Amino acid sequence: RKEVEQDPGPFNVPEGATVAFNCTYSNSASQSFFWYRQDCRKEPKLLMSVYSSGNEDGRFTAQLNRASQYISLLIRDSKLSDSATYLCVVNNYGSGNTGKLIFGQGTTLQVKP
Amino acid sequence: GAVVSQHPSWVICKSGTSVKIECRSLDFQATTMFWYRQFPKQSLMLMATSNEGSKATYEQGVEKDKFLINHASLTLSTLTVTSAHPEDSSFYICSARVLRILAGPRVETQYFGPGTRLLVL
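This text gives an overview of the structure that appears in the document. Remember, it's a predicted structure, so these values are computed and weren't measured experimentally.

### Some words on the interface of chain B and chain A
For an interface, size is often stated in terms of accessible area lost upon the parts coming together. At the interface, 19 residues of chain B touch 18 residues of chain A. Taken together, both faces of the contact between chain B and chain A bury some 1,500 Å²; the carbon and sulfur share is 53%. By the criterion of area lost to chain A, the three top residues of chain B are Glu108, Phe112 and Arg117 of chain B, representing 28% of everything that side buries. Where chain B packs against chain A, one counts 1 salt bridge. In this assembly, chain B and chain A are joined by 3 residue pairs in polar contact (both at pLDDT 80 or more). At the level of secondary structure, the elements contributing two or more residues to the side of chain B that touches chain A comprise strand E4 (32-38), strand E9 (90-101) and strand E10 (106-112) of chain B. It is E10 of chain B that provides the largest number of residues to the side of chain B that touches chain A, a total of 5 residues.

### Considerations on the layout of surface pockets
The probe, sized like a water molecule, is rolled over the atoms to show the empty space still left. If you add up the space inside the largest pocket, you get close to 750 Å³. Around the largest pocket sit 27 residues that line it, and Gln38, Phe39, Pro40, Lys41 and Gln42 of chain B are the ones nearest its centre. Listed by contribution, the elements that provide at least two residues to the lining of the largest pocket are strand E9 (84-91) of chain A together with strand E2 (10-13), E9 and strand E11 (116-120) of chain B. What the second largest pocket holds in volume is close to 370 Å³. Lining the second largest pocket we find 17 residues, and of these Glu3, Ile102 and Phe103 of chain A together with Leu44 and Met45 of chain B sit closest to its centre. The set of elements that each furnish at least two residues to the lining of the second largest pocket consists of strand E10 (101-103) of chain A together with strand E5 (45-51) of chain B.

### Digging into unusual backbone geometry
With an omega of 10 degrees, the peptide bond running from Gly9 of chain A to Pro10 of chain A counts as cis. Relative to the helices and strands, Pro10 of chain A resides in the loop between strand E1 (4-6) and strand E2 (11-14). Omega for the peptide link from His7 of chain B to Pro8 of chain B comes to 0 degrees, which places this bond in the cis form. The topology assignment puts Pro8 of chain B in the loop between strand E1 (4-7) and E2. Positive phi values are uncommon outside glycine, yet Arg41 of chain A reaches one of about 65 degrees.

### Focus: the packing of aromatic side chains
Under the counting rule described, the total for this entry stands at 12 aromatic pairs over all chains. Judged by centre distance (4.9 Å) and plane angle (45 degrees), the rings of Tyr25 of chain A and Phe33 of chain A are tilted. As far as burial versus exposure is concerned, Tyr25 of chain A and Phe33 of chain A are alike and both buried. Among the aromatic residues, ring-to-ring pairing joins Phe34, Tyr36 and Phe103 of chain A together with Phe34, Tyr36 and Phe112 of chain B into one connected group. The ring of Phe67 of chain B carries the charged tip of Lys66 of chain B above its face, separated from the ring centre by 5.9 Å. Lying over the aromatic face of Phe91 of chain B, Arg117 of chain B brings its terminal NZ or CZ to 4.0 Å of the ring centre.

### Observations regarding the sheet that holds E1 of chain B
All names here are of chain B. The sheet built from 4 strands is open, its strands ordered E1-E3-E8-E7 with antiparallel pairing. Only two strands of the sheet have a single neighbouring strand rather than two, namely E1 and strand E7 (67-73). Along the sheet, successive strands turn relative to each other by an average axial angle of 15 degrees, direction set aside. As judged from the 5 bridges shared by E7 and strand E8 (residues 76-81), these two strands associate in the antiparallel manner. The residue bridging Leu68 from the neighbouring strand is Thr80, located in E8.

Cut-offs used in this document
Residues numbered from 1 in each chain as written. Chains lettered and ligands numbered in written order. Predicted model: local features only at pLDDT ≥ 70, side-chain atom pairs only at ≥ 80, totals over all residues. Heavy atoms only, no water. Contact = heavy atoms within 4.5 Å. Buried area = accessible area lost by both parts, 1.4 Å probe. Salt bridge = Lys/Arg side-chain N within 4 Å of Asp/Glu carboxyl O. Polar contact = N/O pair within 3.5 Å; in protein donor to acceptor, adjacent residues only side chain to side chain. Helix = DSSP H or I, 4+ residues; strand = E, 2+ residues; numbered from the N terminus. 1 Å grid on protein atoms, 1.4 Å probe; cavity = no way out; pocket = protein on both sides within 12 Å on 5 of 7 lines; lining within 4 Å. Points joined across faces, edges and corners; volume = space filled by probe spheres on them. Phe/Tyr/Trp six-rings, centres within 6.5 Å; stacked < 30°, edge-to-face > 60°. Buried < 20%, exposed > 50% of the residue type's maximum accessible area, 1.4 Å probe, protein only. Lys NZ or Arg CZ within 6 Å of the ring centre and 35° of its normal. Pairing = 2+ DSSP bridges. Axes fitted to C-alpha atoms, helices over the stretch in contact; angles between N-to-C directions.

And the structure:
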């Protein structure tokens, strides 16, 4: 079983749609959680950290459910520029693996006009 | 955010040659840098953790004699792919870790370089 699992998609949605991505992680000792965005042939860029209480940044909302080991990302009012691959990332520092980011395979989003 | 550069951005070489990739933190010091590899349509896989002034820590299955890492200063880590073969062709990405100790929990962020595309013929 992969440490971080995501549905690879692609998710094809029209502009203005709301889309949600889910992610599960296997290590219950995981400490930090992130969503990164990766554009084609580019490096990943941090989109947002995910906190236990849930957090929002503009059109993006991230939620964490530690009991279910589940992370989600909600994008409202999708823009064409949101088209990218969204990577669910877990940091297992604190369990002996300091600073080690574990990446999911990524979920591809394509927003159509 | 912090800026990390990589050089070269792409390289094409013949099988058997060695390729050196540099990763620099431009506006901050990084005691820890990481090297990742990404094959097409796959996730980033951590290859090794590079610590300034000490030996790198390699992930299981990554040959340390083939992927030489040197972190000689707080702003530079290098990855050398020795005797490269076509199966080493990949997207190599480095990152530098920034630690912020705030009033509450410590916050750790990794900033990624733009990556190096290696094609071995």
